[in-house]
Structure formats: structure tokens, C-alpha cells
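Here is how the chains run, residue by residue.
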Amino acid sequence: MSRSAHPAGPRHADVLPEGHYSPPPADLNELHPRVWSQTVTRDEDGVLTVGGVSVTRLAEEFGTPAYFLDEDDFRARCRAWREAFTDADVYYAGKAFLSRAVVRWLHEEGLNLDVCTGGELATALAAGMPPERIAMHGNNKSLAELERAVEAGVGRIVLDSFQEIARLAHVAQRLGRRQPVQLRVTVGVEAHTHEFIATAHEDQKFGLPLAGDQAAEGVHRILGHDSLELTGLHSHIGSQIFDTSGFEVAAHRVVGLLARIRDEHGVELPEIDLGGGLGIAYTPDDDPAAPHDIAKSLEQIVGRECEAAGLAVPRLSVEPGRAIVGPTAFTLYEVGTLKPLEGLRTYVSVDGGMSDNIRTALYDAQYSIALASRESAAPPMLSRVVGKHCESGDIVVRDAFLPADLAPGDLLAVPATGAYCRSMASNYNHVPRPPVVAVRAGAARVVVRRETEEDLLRLDVG
């Protein structure tokens with residue numbers, strides 16, 4: 001049977017190709033600094049610690065699985081982005097992970113916040129984020145969401161369709177407001193990333209395409225409404241991107257539309273938003289750029305394009321989410337069973353899985369993993385770390401080398417799980433979602449509590 005005709009579908013044909021994994025690291029106990037948050041280390045007994053607290057103590061107090069968030073690392077990354085973009089606006093993309101504690105940290109560190117649903121907006125407002133520092137995204141915002149955003153006074157609503165332009169204009173007029181907006185344009189850039197997280201090619205749901213003059217028509221319609229104030233254009237090309245070449249093409253095309261708006265409407269828009277999507281290190285092979293380098297590159301790109309078009313340089317904004325919160329957290333699991341398959345690998349089952357990290361199943365995402373409760377001098381053992389759910393695709397780490405003396409009760413830590421893991425968590429198999437615990441300066445506190453079976457039953461009114 002050909003690989004493309006695999007009975008479970010084409011993706012399954014690539015599960016076990018020859019030579020599909022890298023060789024084992026020289027030291028299984030090493031914690032690579034690109035992958036782990038800044039305060040993660042091993043203590044004198046070889047136990048992994050974060051913020052000065054050992055994972056054995058954390059597991060005893062908070063249980064497993066659980067997400068542990070390095071607060072000092074999160075705040076440091078916020079400052080790094082804010083200081084890199086001194087003449088630009090940084091909006092944290094709340095979809096990566098949002099809680100009231102995170103909103104407060106963002107406020108204190110001087111970042112703005114990007115939300116895309118009523119629930120995210122409610123969390124932002126409940127935690128005290130000034131509404132003028134909030135941007136509202138989404139490809140299908142409900143009437144209620146638009147009304148709440150306008151009533152709250154959010155600083156920016158990013159419009160995504162012709163229908164939404166008319167809908168928001170009506171809402172703002174009825175409420176007696178002139179709402180600042182940006183228009184999301186689809187620039188036709190093919191980002192080198194998974195198809196499900198590439199967002200700027202034309203065959204997808206976000207924005208109005210430049211092709212066929214739809215974006216230009218969107219601008220025309222917005223300018224025709226007195227209740228809307230068009231402040232700029234928005235572009236987002238995808239996620240987990242490691243170079244800025246795609247942004248260069250996007251900026252060229254967005255600035256081209258800015259020039260057309262000037263020529264046709266006599267208006268120079270003051271803002272341009274290039275979105276987010278910058279990648280992080282999930283494995284030591286990943287080498288993301290520093291915020292300072294990203295800022296320098298994007299500012300040069302926009303400046304060069306505007307000079308060529310004879311435009312004043314608009315104020316730039318960016319939307320890092322994963323790049324801030326992704327590296328700041330790890331997920332801690334307890335080993336339950338081990339199943340050696342001779343000539344293949346050992347299956348290591350943990351007490352979580354796809355309900356707390358769907359990304360491996362959804363995107364074929366790769367992760368690192370480490371034995372966290374002790375060090376080991378045992379030889380490497382090729383492993384597949386899997387969860388407890390009733391799916392063969394319930395994989396946490398597809399190909400991992402773990403010590404051969406691994407045993408039930410050991411603790412394993414998966415780094416770089418701060419982004420999207422808790423946000424996309426589910427109750428599959430009626431498993432309660434894990435807590436998020438912030439750790440800082442020797443102290444740990446719950447910021448999102450663990451769900452209980454009582455929580456699940458409370459929603460079941462039947």
C-alpha cells in the first residue's frame with residue numbers, strides 16, 4: 001500500500017518513517033536555556049525547580065497534571081518587548097493564555113492587550129485593563145460582543161468583513177460613539193508554517209483580500225460611516241514564524257494600500273499593525289530571534305516601504321502572544337505505565353494528555369521533555385509519551401529520549417506549554433482541566449484553579 005493511501009488518512013502515513021527522530025542528547029539531564037524559562041534549574045539533588053520551588057513540592061501541593069508559570073520570566077519577556085518597541089505599540093495576544101493575573105501583569109509592565117471574544121474582553125475588564133489599551137479582534141464578532149466593546153470604550157476594533165463594517169457602524173451610531181477601527185487585510189503571503197496557523201493566504205477565513213479590490217472596497221465603506229474612525233490597516237501572516245521575510249512582503253502590500261487610500265481618498269492613515277506569530281523554541285533546534293532584533297527588522301521594513309511610497313511612517317503595532325507566554329510555563333505530569341515494544345520504542349503513559357495539550361495531535365507540534373523529579377545516569381530510551389485518553393493520537397511528545405530507568409511515579413516536565421495549551425484545553429473523557437500555578441521567589445499560588453468533577457456535573461442540568 002502506498003503511503004499516500006494509508007487507511008487512516010494521509011497524515012497517519014507519516015507516523016513512523018525511518019530516521020524520524022534526532023539522536024539522543026549527550027546529557028539527558030540538561031535543561032536547554034532556549035527551551036526552559038529563566039528560573040528553571042536543578043537543585044543539588046537533581047530535582048527540577050522553578051522560581052526556587054522544587055517540582056516535587058509543587059506536585060505534592062498542587063497535584064498533576066498542572067501548568068506552572070514562571071512569573072519573573074513572564075514579566076521579563078513583557079519588558080523585553082516593550083523596551084524593544086519604544087516607538088511602537090505592543091499588544092499581548094490574549095488567545096495564547098489569559099487570566100486575571102496575567103492581565104494585571106500586562107498592565108503593570110506597560111503592555112496593551114488584544115482580545116478576540118466576549119469572554120476574553122470580560123476577563124480583561126474584570127482585571128482592570130484600561131479599555132483604551134484593548135484591541136478587539138475576531139472574524140465573526142457577535143452583535144453583543146461589538147456592543148460591549150463599544151460601550152466599554154475599547155481603543156481599537158479590527159474589522160474583518162463587509163457585514164461587520166455595517167454592523168459596527170450601526171452599533172456605534174446607536175450608542176453615540178465614534179469608534180476607532182482598523183481593517184484586517186489579507187495580503188496573500190504564504191507563511192512557512194502549518195496550514196492551520198497560516199492566516200495571510202487568500203483561501204482562508206480572516207480579513208478582506210487585497211486581490212479583487214475587496215480590501216479597497218472595505219476601506220471605502222468604513223470611510224463612508226461617520227460613526228467609524230479608520231485609524232489603520234492590520235495584517236497577520238501566521239504563527240510560529242522564525243524570520244521576517246514574510247513580514248517584508250506583507251508590509252510592501254499593506255503600504256501599497258495605504259498609498260492607494262491617500263491617492264483616492266486624500267487620507268494618510270496613522271497606524272499599521274503587522275500582527276504577531278513570532279516563534280519560540282519548543283526544542284533546542286529552534287532558534288527564535290530576540291525582540292530587539294525583531295523590532296529593528298520590522299521598523300526598517302516599514303520605514304523603507306513608506307519612503308518608497310512617499311508616505312509618512314505610520315505608528316507600528318505588533319501582537320506577540322506565544323512569544324511572551326509560551327516559554328514561561330511547563331506542564332508537569334506523573335508517569336503511570338510503561339510499555340516497551342521491542343524494536344520500536346517504549347510507550348510512557350502520563351496522567352494528562354490531549355485534554356491539556358491538543359497541539360501535538362492538532363498541529364504535529366514537537367516538544368521537549370525531561371525527567372523532573374530526579375537526575376539519572378541511565379542510558380537513553382526512545383520513548384513516546386502519551387496521555388490517558390481513548391485516542392491513539394493522544395500523544396504528548398511523539399519522539400523523546402528518556403532515561404531507561406524511568407518508572408511509575410516519576411515526574412516528567414514538558415517545557416514551552418504556556419501558549420495555547422490551557423487556552424485550548426478540553427474536558428475530553430470528562431477529565432477536569434489542570435490548574436495554572438504561578439511561581440515566583442520561592443512561593444507558588446494558583447491563578448486558575450483545577451477543575452473538579454463537581455464543576456463538570458454543575459453544568460450537566462439533565
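Residues numbered from 1 in each chain as written. Predicted model: local features only at pLDDT ≥ 70, side-chain atom pairs only at ≥ 80, totals over all residues. Heavy atoms only, no water.

### With respect to the UniProt feature "modified residue: N6-(pyridoxal phosphate)lysine" (unreviewed entry) in the protein chain
Summarizing the sequence annotation, UniProt attributes the feature "modified residue: N6-(pyridoxal phosphate)lysine" (unreviewed entry) to K95 in the numbering used throughout. Tracing the chain through its elements places K95 in the loop between β5 (89–93) and α3 (100–109). Under the relative-accessibility criterion, K95 is labelled partly exposed at 38%. The contact partners of K95, leaving out residues within four places of it in the chain, are C116, E120, Y420 and S423. (UniProt positions renumbered as here; feature names shortened; annotations may be inferred. Helix = DSSP H or I, 4+ residues; strand = E, 2+ residues; numbered from the N terminus. Buried < 20%, exposed > 50% of the residue type's maximum accessible area, 1.4 Å probe, protein only. Contact = heavy atoms within 4.5 Å.)

### Regarding the pattern of salt bridges
In the structure shown here, the tally under the stated rule is 27 salt bridges. One salt bridge connects E71 with R445, and the closest N-O pair in it is separated by 3.1 Å. Remark: R445 occurs in strand β21 (residues 443–448) and E71 occurs in helix α2 (residues 71–84); sequence separation between them is 374 residues. Of the residues examined, R445 reaches a relative accessible area of 39% and is grouped as partly exposed. A salt bridge links D72 to R440; the nearest nitrogen and oxygen atoms lie 2.6 Å apart. Taken as a pair, D72 in helix α2 and R440 in strand β20 (residues 436–440) lie far apart in primary sequence, 368 residues in all. (Salt bridge = Lys/Arg side-chain N within 4 Å of Asp/Glu carboxyl O.)

### A word on the domain arrangement of the protein chain
In terms of domain boundaries, the protein chain breaks down into domain 1 (40–63 + 328–458) and domain 2 (71–322). Taking only C-alpha atoms, the centre of domain 1 and the centre of domain 2 are 33 Å apart. On the side of domain 2, 22 residues touch domain 1, which itself brings 21 residues to the contact. Summed over both partners, the interface of domain 1 with domain 2 buries about 1800 Å², with 57% contributed by carbon and sulfur atoms. In terms of surface lost to domain 2, no three residues of domain 1 exceed T328, Y420 and R440, which account for 31% of the buried area on that side. Where domain 1 meets domain 2, there are three salt bridges. Remark: the boundary between domain 1 and domain 2 carries eight residue pairs in polar contact (both at pLDDT 80 or more). Those elements that place two or more of their residues in the side of domain 1 that touches domain 2 are α11 (359–363), β20 and β21. The element contributing the most residues to the side of domain 1 that touches domain 2 is β20, with four residues. Split into classes, the residues belonging to the side of domain 1 that touches domain 2 amount to twelve nonpolar, five polar and four charged. (Domains from an automatic or database assignment. Buried area = accessible area lost by both parts, 1.4 Å probe. Polar contact = N/O pair within 3.5 Å; in protein donor to acceptor, adjacent residues only side chain to side chain. Nonpolar A, V, L, I, M, F, W, Y, C, P; charged D, E, K, R; others polar.)

### Topic: the UniProt feature "binding site: substrate" (unreviewed entry) in the protein chain
Following the UniProt record, one finds the feature "binding site: substrate" (unreviewed entry) at R322, R359, Y363, E391 and Y420. Spatially, the listed residues are scattered: they cover 99 residues, and their C-alpha atoms lie as much as 27.0 Å apart. Structurally, Y363 can be placed in helix α11. Here Y420 lies in the loop between β19 (411–415) and β20. Among all residues touching Y420, those that are not within four sequence positions of it are K95, A96, R322 and R359.

### Some points on the packing of α2 against α3
Orientation of α2 relative to α3, taken along the N-to-C sense of each, is 40°, at an axis distance of 10 Å. Comparing the axis directions of α2 and α3 gives the class oblique. The handedness of the crossing between α2 and α3 comes out as right-handed. Across the interface between the two elements, E71, F74, R75, C78, R79 and R82 of α2 pack against V102, W105, L106, E108 and E109 of α3. (Axes fitted to C-alpha atoms, helices over the stretch in contact; angles between N-to-C directions. Parallel < 35°, antiparallel > 145°, perpendicular 65-115°, else oblique. Left-handed = near helix turned anticlockwise from the far one by under 90°.)

### Some details on unusual backbone geometry
For the bond running from T64 to P65, omega is -10°, close enough to zero to count as cis. Tracing the sequence through the fold places P65 in the loop between α1 (55–62) and β4 (66–70). Located in the positive-phi region is N429, a residue other than glycine, with phi close to 60°. Within the element layout of this structure, N429 appears in the loop between β19 and β20. Classification of N429 by relative accessible area gives partly exposed; the value is 36%. Unusually for a residue other than glycine, H430 sits at a positive phi of about 55°. Relative to the elements of secondary structure, H430 occurs in the loop between β19 and β20.

### What to know about the sheet that holds strand β3 (residues 53–54)
Strand order across the open sheet formed by three strands is β1-β2-β3, with antiparallel pairing between neighbours. Two strands bound the open sheet, and with one partner strand each, they are β1 (41–42) and β3. (Pairing = 2+ DSSP bridges.)

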